[in-house]
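Observations on the model geometry
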Amino acid sequence: MSIQIDWLAFTPISLIGGLLLGTSTVILLLGIGRIAGISGIVSSVLKPKNIEMWQVLFIAGLIISPLLYSLVRPLPDIEITTSLPLLIGAGLLVGFGTRLGSGCTSGHGICGNARLSPRSMAATVTFMLFGALTVYVGRHVLGIF
């Protein structure tokens, strides 16, 4: 089984999205000295003793941005073919890994690596290795996805 990359899916919109993501993380870091790690931001909002307005606005932006995008272009169709128990298990494992690694892929992979953090570099390599291993085992050994 070979995997085909749809090179036509990489559009100027993809580039703009990456530039906006990079710009927003730099503004957040230089502006108020905070890291744009989604798990940390969501965790802080769910523990409502010290919620800061920027955290609420950041999450609101994540929710609102696809809605604004849909006003200009149609959102892509999403088809989930995996079973619900597998999705729940995967979500729990991601949450566990996020707590174990003291951050998520956005915090370590985007922000931490940009700051040349050794801990973030190690975490990102670990994310990538275990992601590849999971796909290989799931697809080629167990045949579940």
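A brief structural summary. Predicted model, so just to flag it, every value in this text is computed and none were measured. (Residues numbered from 1 in each chain as written. Predicted model: local features only at pLDDT ≥ 70, side-chain atom pairs only at ≥ 80, totals over all residues. Heavy atoms only, no water.)

1. Some remarks on the packing of helix α2 (residues 38-46) against helix α3 (residues 53-72)
- Where α2 meets α3, the axes come as close as 10 Å, and the angle between the chain directions of the two elements is 120°. By the angle between their directions, the pair α2 and α3 is classed as oblique. Classified by chirality, the crossing of α3 by α2 is left-handed. The segment α2 lies against α3, with Ile38, Ile41, Val42, Ser44 and Val45 engaging Trp54, Gln55, Val56, Phe58, Ile59 and Leu62. (Axes fitted to C-alpha atoms, helices over the stretch in contact; angles between N-to-C directions. Helix = DSSP H or I, 4+ residues; strand = E, 2+ residues; numbered from the N terminus. Parallel < 35°, antiparallel > 145°, perpendicular 65-115°, else oblique. Left-handed = near helix turned anticlockwise from the far one by under 90°. Contact = heavy atoms within 4.5 Å.)

2. Notes on the environment of Leu57
- Mapped onto the elements of the fold, Leu57 is located in helix α3.
- Looking at Leu57, the relative accessible area reads 56%, which means it is exposed.
- As a C-alpha pair, Leu57 and Gly101 span 44 residues in sequence and 25 Å in three-dimensional space. (Buried < 20%, exposed > 50% of the residue type's maximum accessible area, 1.4 Å probe, protein only.)

All quantities given are derived from atomic positions and should not be read as evidence of function.
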